[in-house]
Amino acid sequence: GDGYFFEQHVARAVQQAGLRAVLGQGILDFPTPDSPSPAESLKKAEAFLQQKGSTSLIRPALFPHSLYTCSPTKLRQCQDLADRYAVPMIIHLAETQTELQEIYKKYGKTPVNHMENLGLLSSSLIAGHCVWLSATEMDLLARRGVRVVQNPESNMKLASGVAPVPELLARGVAVGLGTDGCASNNNQDIFQEMDT
């Protein structure tokens, strides 16, 4: 899986390498390296979904970065687009205590409950990190079929905490392994993540 910017180029590299991948075009509420405006990022994402299309090995996705970089309006727009093209949506969720505090202060809810309130928790959601979850929230993720990707080295580098993987697995939540991006991990080595 990959997410962020210039995903059309990532798709080309993945095809050339013969790999299987879910590739999420990044969307934020501010300019990014491949989109001069938030509105442009949505257009770019839709163009990626249209031109890429699903292949036997590559599945396009949308990647609204997080609740603190995407407004509720932007998140709903992303979900509408994901539903229209029947693709997954990827997001960072409940990664740090700071995120919990910021989202609670802004919306009066924890990140998971904010996502639920927006109608965004579903089996088409892939949630990265999920470190700061209550038992009730883990139950909710399980009921909605949300898939989780834990990122142990990133969480250690940022001192974010440890994802409650055994508790999630006990509830039947599908949990994958990831690296997160290069800004929060010294490498993108999935084998090293397995060792960790």
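If you're wondering where the values come from, they're calculated on a predicted model, not measured in any experiment.

1. A look at the overall build of the protein
Check the secondary structure of the protein and you find nine helices and seven strands. The C-alpha radius of gyration computed for the protein amounts to 16 Å, which stays within 12% of the reference 16 Å derived for 196 residues, consistent with globular compactness. Per-residue burial over the protein gives 45% buried out of 196 residues. Partitioning the contacts of the protein with sequence separation of at least 6, the portion at a separation of at least 24 is 64%. Side-chain charges in the protein split into 17 positive and 20 negative, and the spacing between the mean points of these groups amounts to 7 Å.

2. Here we look at the nonpolar core
One broad trend across soluble globular proteins is that nonpolar side chains are buried collectively. Counting 39 residues, the largest nonpolar core has L62, L93, M115, L121, L133 and L141 as the members making the most contacts within it. For L62, the residues in contact, after removing those within four places along its chain, are G24, Q25, I27, A45, L49, C78, L81, A82, V87, P88, M89 and I90.

3. Comments concerning helix α1 (residues 7-17)
Within α1, the full set of buried residues consists of E7, A11 and V14. Along the axis of α1, the buried residues cluster in a sector spanning 65°; they form a single face. Trailing α1 by a residue or two, G18 shows a phi angle of about 70°, which is positive.

4. A short note on the pattern of salt bridges
Tallied over the full model, the rule gives four salt bridges. With a closest N to O distance of 2.6 Å, D139 and R171 form a salt bridge. Of this pair, D139 sits in helix α6 (residues 135-144) while R171 sits in the loop between α8 (165-170) and β7 (175-177), placing them 32 residues apart in sequence.

5. Here's the deal with the packing of aromatic side chains
Taken as a whole and judged by the stated rule, the model has two aromatic pairs. For the pair Y4 and F5, a centre-to-centre distance of 5.4 Å together with 45° between the ring planes defines the contact as tilted. Using a relative accessible area of 27% as the deciding quantity, one classes Y4 as partly exposed. With centroids separated by 5.0 Å and ring planes inclined at 70°, the aromatic side chains of Y4 and F63 adopt a geometry described as edge-to-face. Taken together, the positions of Y4 in strand β1 (residues 2-4) and F63 in strand β3 (residues 58-64) put the pair 59 residues apart, joining distant regions of the chain.

6. Comments concerning the environment of K43
Following the sequence through the fold, K43 ends up in helix α2 (residues 38-52). Residue K43 is classed as exposed on the basis of its relative accessible area of 57%. Distance in space between the C-alpha atoms of K43 and Y107 is 27 Å, their sequence separation being 64 residues.

7. Thoughts on the side chain of Q79
As for its position among the elements, Q79 is in helix α3 (residues 72-85). Classification of Q79 by relative accessible area gives buried; the value is 8%. Once residues lying within four places of it in the same chain are set aside, the contact partners of Q79 are M89, L120 and S124.

8. Re α3
One turn of the α-helix equals 3.6 residues, which is why residues spaced by three or four share an orientation. With 14 residues, α3 should reach 20 Å at 1.5 Å per residue; the first-to-last C-alpha distance of 20 Å fits that figure. All of the buried residues along α3 are P72, K74, L75, C78, Q79, L81 and A82.

Thresholds applied
- Residues numbered from 1 in each chain as written.
- Predicted model: local features only at pLDDT ≥ 70, side-chain atom pairs only at ≥ 80, totals over all residues.
- Heavy atoms only, no water.
- Helix = DSSP H or I, 4+ residues; strand = E, 2+ residues; numbered from the N terminus.
- Rg over C-alpha atoms; globule rule 2.2 N^0.38 Å.
- Buried < 20%, exposed > 50% of the residue type's maximum accessible area, 1.4 Å probe, protein only.
- Contact = heavy atoms within 4.5 Å.
- Lys, Arg positive; Asp, Glu negative; His and termini not counted.
- Charge placed at Lys NZ, Arg CZ, Asp CG, Glu CD.
- Core = buried A, V, L, I, M, F, W, Y, C linked by side-chain atoms within 4.5 Å.
- Arc of directions from axis to C-beta.
- Salt bridge = Lys/Arg side-chain N within 4 Å of Asp/Glu carboxyl O.
- Phe/Tyr/Trp six-rings, centres within 6.5 Å; stacked < 30°, edge-to-face > 60°.
- Expected span 1.5 Å × (residues − 1).

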